[in-house]
Amino acid sequence: MRLNAKQIAYATGGTLLVEPMDPRALVTDVCWDSRQVKEGDLYVALPGERVDGNQFVAKALQSGAAAALVTLPIDEATRLLAREMGAAVIEVSDGAAAITDLARTWRPYLRGKVIGLSGSTGKTTTKNLVRDVLSARFTTVATVANQNNELGVPRTILAANPETQAVVVEMGMRGAGQLRSLCDYVRPDWAILTNVGDSHIELLGSKDNIARAKAELPACVPDGLGWAFLNAGDDYFDFVSEQARLEQRHVTCVRYDGTPEAEAKNYAATADEAGPVVWAEDVHLDNQGRPQFTLHAAGFPCIAYGDEGCLFTTCTLTLRGLHNVQNACAAAAVARALGMPLDQIAQALEAAQPEAGRQEVLTAARGFTVINDAYNASPDSMRAALNTLCSMDVRGRRIAVLGDMGELGDYAQACHVGVGEVVASLPIDYVVCVGTLSRHIAQAALDCGMPATKVVQVDTVAGALGQLEGFVEANDAVLVKASHSMGLNRVVEGLVI
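It should be emphasised that the depicted structure is a prediction, and the values quoted were computed from it without experimental measurement.

Caption draft 1: Layout of the packing of aromatic side chains. Tallying each qualifying case throughout the model produces seven aromatic pairs. Taken together, a centroid distance of 5.5 Å and an interplanar angle of 85° make the contact between Tyr-236 and Phe-239 edge-to-face. Overall, Tyr-236 belongs to the buried group, its relative accessible area being 16%. Taking 5.7 Å as the distance between ring centres and 50° as the angle between the ring planes, the aromatic pair formed by Tyr-267 and Trp-279 counts as tilted. Placement of the pair is Tyr-267 in helix H11 (residues 267-274) and Trp-279 in strand E12 (residues 277-285), with a sequence separation of twelve residues. For the pair formed by Tyr-267 and Trp-279, the shared burial category is buried. Three or more aromatic residues joined by ring pairs make a cluster, and in this case those are Trp-190, Trp-227 and Phe-229.

Shown next, in the form of structure tokens:
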């Protein structure tokens, strides 16, 4: 972002309470945490659950903020400080809405490809892979961590500049119409949809409704010019394509498929008719659960690459689990569409590292392995994580610490029972279930024949650590996974030290 104080005031409908010393000075980033303000930032005072950001305006100015958006009148001392620092102060009625207004104003200045990304699972991992691959060749800005909400999405747009060649915007969704609302100002040129799963079924009521809501993203790419990257291995591929009216709107649909069934679908023979496609063959896991596969691409315009026909190259991921082959194929499809050679794409995929809290493999001081997957969980990702644990070559025992999964509504019990059935079917030596809903995981595992000596149910993080302390030994592997609200990252911290 490069806007001056008057442009910010105009875009947000705000009132300039303090004029900047230099009216031409440009604000270059947005921040709403006064502890993280950098020189040249716009500090936005947002109300919080415990504190109000208006209380920290002076601190933000002292940290170098070039301007501040406030929602309450400022006192004389703050006015004097702003003048002393040469900073602007602008009063608006709603700080969060002002950030969106700024993104809406700034979006037309972006000349690079703006790529929206959503899905039930794998959003953040796929976004990271797209970012890492594109960064090997293009100047790229992407959503930070999982800031995919009403604040994080506009912040991603504001973090880009006209020279940025690719902007990857992760977009979360809780209900119908939300993606459409975000797209109103993001205005994605391209859209990536990872899959349609059970996440948010509490609010939407069925997977069909979830698919309709997810289809809002590809439905918003421009007619005739937009590209949609859809998971051809997902049961809702055709449904989403029809809901988004891709064919009628002459939107290029790029298929990607990292499922075990991809090899049998003969994608190379259908690429000329059905359009661009990226897929994986010869997929297997090494003894640490890392996928190795042959990455294929066909049907992309050849003139941009100086090559022809179906291309392939081998690839080995640092990320663990078969499900990450699908995420890698999505990233490869986007990069191929932008003209990257397949071998360069594979090299970037191989270099990509997992984000903290997402299948992050750690070594504890006592010599055992901890798979930190405590950031989030859904039924699909829970099954994938359990399978990843069992694919790893473990000299000791495989131990799963599983907590509640949120946002499942009336389906919560059935979904947790399903996870328990998976636990019982896999070579897992010990399971610790943490929380109220996870009792259904424990009971289902017992009902499916898992010995009672291998199943423990506790209500708290402290209870889980109490069960594990002195029990986990060198050479064991411990998976920790739950919805973020369960706070099982504290289990990871307690185990690793």
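Caption draft 2: Seen up close, the pattern of salt bridges. Per the stated rule, a full pass over the model turns up 18 salt bridges. Of the charged contacts in the structure, one is a salt bridge between Arg-24 and Asp-22, with a shortest N-O distance of 3.5 Å. On the basis of relative accessible area, Asp-22 is assigned to the partly exposed category, the value being 32%. Taken together, the shared-partner salt bridges connect Asp-29, Lys-38 and Asp-41 into one network.

Caption draft 3: Structural context of the side chain of Asn-54. Secondary-structure assignment places Asn-54 in the loop between strand E3 (41-44) and helix H2 (57-62). A distance of 3.3 Å separates the side chain of Asn-54 from the backbone nitrogen of Leu-72, its partner in a polar contact. Setting aside residues no more than four positions away along its own chain, Asn-54 makes contact with Ala-45, Val-70, Thr-71 and Leu-72.

Caption draft 4: The pairing of strand E18 (residues 430-434), seen in detail. Burial runs high along E18: five of the five residues are buried. What you see with E18 is no split at all: Tyr-430, Val-432 and Val-434 on one side and Val-431 and Cys-433 on the other are buried throughout. Pairing analysis gives five bridges linking strand E17 (residues 398-403) to E18, with the strands arranged parallel. Paired with Val-401 across the strands is Val-432, a residue of E18. Since E18 and strand E19 (residues 455-458) lie parallel, the crossover through helix H16 (residues 439-447) that links them has a hand, and here it is right-handed.

Caption draft 5: Examining the sheet that holds E12 more closely. One open sheet accounts for nine strands, arranged E7-E8-E6-E9-E10-E11-E12-E13-E14; its pairing is mixed. One side of each edge strand has no neighbouring strand; the edge strands of this open sheet are strand E7 (140-142) and strand E14 (311-316). Going from strand to strand, the sheet's axes swing by 15° on average, the running direction of each strand aside. Pairing of strand E6 (residues 113-118) with strand E9 (residues 190-193), which is carried by four bridges, proceeds in the parallel orientation. Paired with Leu-117 across the two strands is Ile-192, which belongs to E9.

Caption draft 6: View of the nonpolar core. With 93 residues, the main nonpolar core has Leu-42, Leu-69, Met-171, Leu-386, Leu-402, Val-423 and Ile-428 as its most contacted residues. With residues up to four places along the chain from it excluded, the contact list for Ile-428 reads Leu-386, Leu-389, Cys-390, Arg-398, Ala-400, Val-423 and Met-450. Judged by nonpolar contacts, the second largest core, of 43 residues, contains Ile-115, Val-168, Ala-328 and Ala-333.

Cut-offs applied
Residues numbered from 1 in each chain as written. Predicted model: local features only at pLDDT ≥ 70, side-chain atom pairs only at ≥ 80, totals over all residues. Heavy atoms only, no water. Phe/Tyr/Trp six-rings, centres within 6.5 Å; stacked < 30°, edge-to-face > 60°. Buried < 20%, exposed > 50% of the residue type's maximum accessible area, 1.4 Å probe, protein only. Helix = DSSP H or I, 4+ residues; strand = E, 2+ residues; numbered from the N terminus. Salt bridge = Lys/Arg side-chain N within 4 Å of Asp/Glu carboxyl O. Polar contact = N/O pair within 3.5 Å; in protein donor to acceptor, adjacent residues only side chain to side chain. Contact = heavy atoms within 4.5 Å. Pairing = 2+ DSSP bridges. Right-handed = clockwise from strand over helix to strand, strands pointing away. Axes fitted to C-alpha atoms, helices over the stretch in contact; angles between N-to-C directions. Core = buried A, V, L, I, M, F, W, Y, C linked by side-chain atoms within 4.5 Å.

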